[in-house]
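# Geometric and topological summary
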Amino acid sequence: MNNKNYVLVGLQWGDEGKGKIVDMLSRDFDVVARYQGGANAGHTIIINGKKTVLHLIPSGIFTDNIICIIGNGTVIDPEALISEIELLEKDGLALTGRLFISKDAHIILPYHKIIDAINESKNDKIGTTKKGIGPAYFDKYARRGIKFSDFDNIRILKEKIAKNLKYLTEIFPDSEELKSLNPESLYNDLSGQYAKIDMYFAQTQYLINELIAEGRNVLLEGAQGALLDVDFGTYPYITSSNPTSGGACTGTGIPPTKINGVIGIVKAYTTRVGEGPFPTELFDDNGKKIAEIGAEFGATTGRPRRCGWLDLVALKYAVTINGVTELAMTKSDVLDSFEEIKVCTHYELNGEVIDTFPSNPFTLDYVNPVYKSFKGWMTDLKGNKEYSSLNQNFRSYVDFIEKYVNVPVKYISTGPDRADIIIK
Ligand code: GDP
Ligand code: IMO
Ligand code: MG
């Protein structure tokens, strides 16, 4: 059987335009699944001018007949999920029979969001989205997390909620907000939410493998990006999951032997939201201009994104650890009016030139980027459909990136709408 199961990952610090590309590619797949993260993600989709930002539901939902799965590796805030479902239903989308949620996904409870905010109020903050992601994974790995499958045994579920709340109020004794919670109302609220979404739950590790066995093609939608990966990213300035392609297997139950390719999404420049090192960050007018033209504000929190030139040292690192087989370059149009465009090809560290990415953030703070300069294309990319008809300066930029990372750029996104795409 010739399945086509692909993982799609962000290759930078998130917000590369994954939502747009997943939506565009969905017509070639039967199933789209999220495998990690939660409502910290904000994936923007624009179809004929109508914009939707998805946080938990896979970006394939706007394509007819696509089955959407939220896998076991995600952490789910039921409140956020219900508002997203309601939003889509208001738009006329029927989700029953199309949306499946893993019973093994962990639940984000109100105390996780409170703890996220407490941690962020301290001096060594990460700049999280305050959606409770880190604290929920903290409970998961400490083996006291609560999964949707805990609804199979209400007595044990109630005991777990009470025990966790007691434990957490002991660790954070100064929090009035935590003290104001009580286990009964936490359970009552949660069970009310569960009743609203009960029909979507499944053992999705079986479902996804059954669909593959029937010959269906699966697209695994990464959230965040490689440089935010808990293992490979700029730790501790990371998210608490594995957005890299390996996470797609543990986060859904798809075996590695069933993955046929990895699509990497890269912006034509770099952005980052939150704290942490960013060697090619721009503090000059170029940075401001990218932010303005690219409308670089977080889709989840509305925070301004930090902007800089494309960093090929970081990109090659991300391509390597993800096993990227093809690239999609997004937001190329944002650079349309720049006379000079730079890319970082090396770092200087303590007088030495290096081309490897030091993931230690304190080392990364001290690297000096070495740039190669390109002549801008100074023409509108949007509206073009043929790669061969594009301006030569733009094509030289793409050629250089392809050669540097040794992976072809297959898709070029020239605007936010589903239709703004060139297939090379
Ligand atoms: P994601 O988290 O990776 O899905 O990306 P976001 O949705 O958070 O951020 C990407 C932003 O860029 C959104 O506002 C998109 O509508 C927009 N976008 C995506 N592709 C393009 C593009 O090629 N050109 C422009 N100008 N905007 C784009
Ligand atoms: P998408 O899927 C950009 C960042 C936060 C913070 C760090 C940890 O839209 O690309 P967390 O709330 O996850 O504990 O925050 O990770 N972050 C993102 N940045 N895009 C995202 O998702 C992000 N999700 C988390 O800003 O620096
Ligand atoms: Mg985003």
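Remember, it's a predicted structure, so these values are computed and weren't measured experimentally.

Moving on to the site of ligand 2. Close contacts around ligand 2 come from 20 residues, with Asp15, Lys18, His43, Thr129 and Thr239 the closest. Aspartate 15 places a main-chain nitrogen or oxygen 2.8 Å from an oxygen atom of ligand 2. A distance of 2.8 Å separates an oxygen atom of ligand 2 from a polar atom in the backbone of glutamine 224. Within the complex, 98% of the 540 Å² of free accessible area of ligand 2 lies under protein. Its residues assigned to classes, the shell around ligand 2 shows seven nonpolar, ten polar and three charged.

Evaluation of the coordinates by the stated rule reveals zero disulfides. A disulfide-free cysteine, cysteine 249 has its sulfur positioned 19 Å from the sulfur of cysteine 68, the nearest such atom. Judged by its relative accessible area of 16%, cysteine 249 is buried. Cysteine 307 forms no disulfide, and the closest cysteine sulfur to it belongs to cysteine 344, at a distance of 16 Å. Judged by relative accessible area, which is 4%, cysteine 307 ranks as buried.

To continue, consider the environment of threonine 129. Relative to the helices and strands, threonine 129 resides in the loop between helix H3 (110-120) and helix H4 (133-141). Each C-alpha atom, one on threonine 129 and one on aspartate 116, is 8.6 Å from the other, the two residues being 13 residues apart in sequence. Not counting the four nearest positions on each side in its chain, threonine 129 is found in contact with Asn40, Thr301 and Arg303.

The subject of this paragraph is the pairing of strand S11 (residues 261-267). With respect to burial, S11 is a largely interior element, seven of its seven residues being buried. Of the two faces of S11, both are covered, the one formed by Gly261, Ile263, Ile265 and Lys267 as well as the one formed by Val262, Gly264 and Val266. Pairing of strand S1 (residues 6-10) with S11 involves five bridges; the strand directions are parallel. Across the sheet, residue valine 7 finds its bridge partner in S11, namely valine 262. When S11 meets strand S15 (residues 326-330), the two strands line up parallel, connected through five bridges. Bridge pairing in S15 places valine 266 opposite methionine 329.

On to the packing of helix H5 (residues 154-171) against helix H7 (residues 183-197). Two elements in contact, H5 and H7, have axes separated by 9 Å at closest approach and are oriented at 130 degrees. Comparing their axes, H7 and H5 come out oblique. Between H5 and H7 lies a crossing whose hand is right-handed. Here Ile154, Leu157, Lys158, Ile161, Ala162 and Leu165 of H5 come into contact with H7, specifically with Pro183, Leu186, Tyr187 and Leu190. Taken together, the residues of the contact of H5 with H7 break down into nine nonpolar, no polar and one charged.

What follows deals with the sheet that holds strand S2 (residues 31-34). Spatially, ten strands are ordered S9-S7-S5-S2-S10-S1-S11-S15-S19-S20 in an open sheet, and the strand pairing comes out mixed. Two strands bound the open sheet, and with one partner strand each, they are strand S9 (201-202) and strand S20 (421-423). As paired strands, S15 and strand S19 (residues 409-413) are joined by three bridges and run parallel to one another. Note on S19: the bridge partner recorded for methionine 329 is isoleucine 412.

Another point: the packing of H3 against H4. Angle between the axes and distance between the axes: these two values describe a pair of packed helices. Relative to each other, H3 and H4 sit at 115 degrees, their axes nearing to 7 Å. Every pair of crossing elements has a handedness; the one defined by H3 and H4 is right-handed. Contacts between H3 and H4 involve Tyr111, His112, Ile115 and Asp116 on the former and, on the latter, Ile133, Pro135, Ala136 and Asp139. Along the lines of polarity and charge, the residues of the contact of H3 with H4 split into five nonpolar, one polar and two charged.

Bringing the site of ligand 1 into the picture now. Within the structure, ligand 1 sits among 20 residues, and Gly17, Lys18, Thr44, Asp333 and Ser413 are positioned closest to it. At a separation of 2.9 Å, an oxygen atom of ligand 1 approaches a polar side-chain atom of aspartate 15. Burial of ligand 1 by the surrounding chains reaches 92%, relative to a free accessible area of 580 Å². For the shell around ligand 1, the elements supplying multiple residues, two or more each, are helix H1 (18-25) and strand S3 (43-47). Each residue belonging to the shell around ligand 1 can be placed in one class, and the counts come to four nonpolar, nine polar and seven charged. When residues are assigned to domains, the shell around ligand 1 turns out to be shared by domain 1 (6-11 + 25-102 + 208-262) and domain 3 (264-423), each giving three or more.

A few words on helix H13 (residues 392-405). Look at H13: 20 Å from first C-alpha to last across 14 residues, which is about the 20 Å you get at 1.5 Å a residue. Among the residues making up H13, those that are buried are Phe394, Tyr397, Val398, Ile401, Glu402, Tyr404 and Val405. Down the axis of H13, the sector holding all buried residues measures 170 degrees, keeping them to one side. Where H13 is buried, its residues touch strand S14 (310-311), helix H11 (312-322), S15, strand S16 (340-349), strand S18 (368-375) and S19. In the stretch just after H13, asparagine 406 is the one whose phi turns positive, near 60 degrees.

A few words now on H7. The terminal C-alpha atoms of H7 lie 21 Å apart, and with 15 residues this matches the ideal 21 Å at 1.5 Å per residue to within 8%. Residues of H7 that are buried in the fold lie against helix H2 (78-90), strand S8 (106-107), H3, H5 and S9. Regarding H7, its N-cap is asparagine 182, as a side-chain oxygen of that residue lies 3.1 Å from the backbone nitrogen of glutamate 184 further along.

Thresholds, definitions, all that
- Residues numbered from 1 in each chain as written.
- Chains lettered and ligands numbered in written order.
- Predicted model: local features only at pLDDT ≥ 70, side-chain atom pairs only at ≥ 80, totals over all residues.
- Heavy atoms only, no water.
- Near = heavy atom within 4 Å.
- Polar contact = N/O pair within 3.5 Å; in protein donor to acceptor, adjacent residues only side chain to side chain.
- Areas by Shrake-Rupley, 256 points an atom, 1.4 Å probe, with all protein chains shown as cover.
- Nonpolar A, V, L, I, M, F, W, Y, C, P; charged D, E, K, R; others polar.
- Disulfide = S-S within 2.5 Å.
- Buried < 20%, exposed > 50% of the residue type's maximum accessible area, 1.4 Å probe, protein only.
- Helix = DSSP H or I, 4+ residues; strand = E, 2+ residues; numbered from the N terminus.
- Contact = heavy atoms within 4.5 Å.
- Pairing = 2+ DSSP bridges.
- Axes fitted to C-alpha atoms, helices over the stretch in contact; angles between N-to-C directions.
- Parallel < 35°, antiparallel > 145°, perpendicular 65-115°, else oblique.
- Left-handed = near helix turned anticlockwise from the far one by under 90°.
- Domains from an automatic or database assignment.
- Expected span 1.5 Å × (residues − 1).
- Arc of directions from axis to C-beta.

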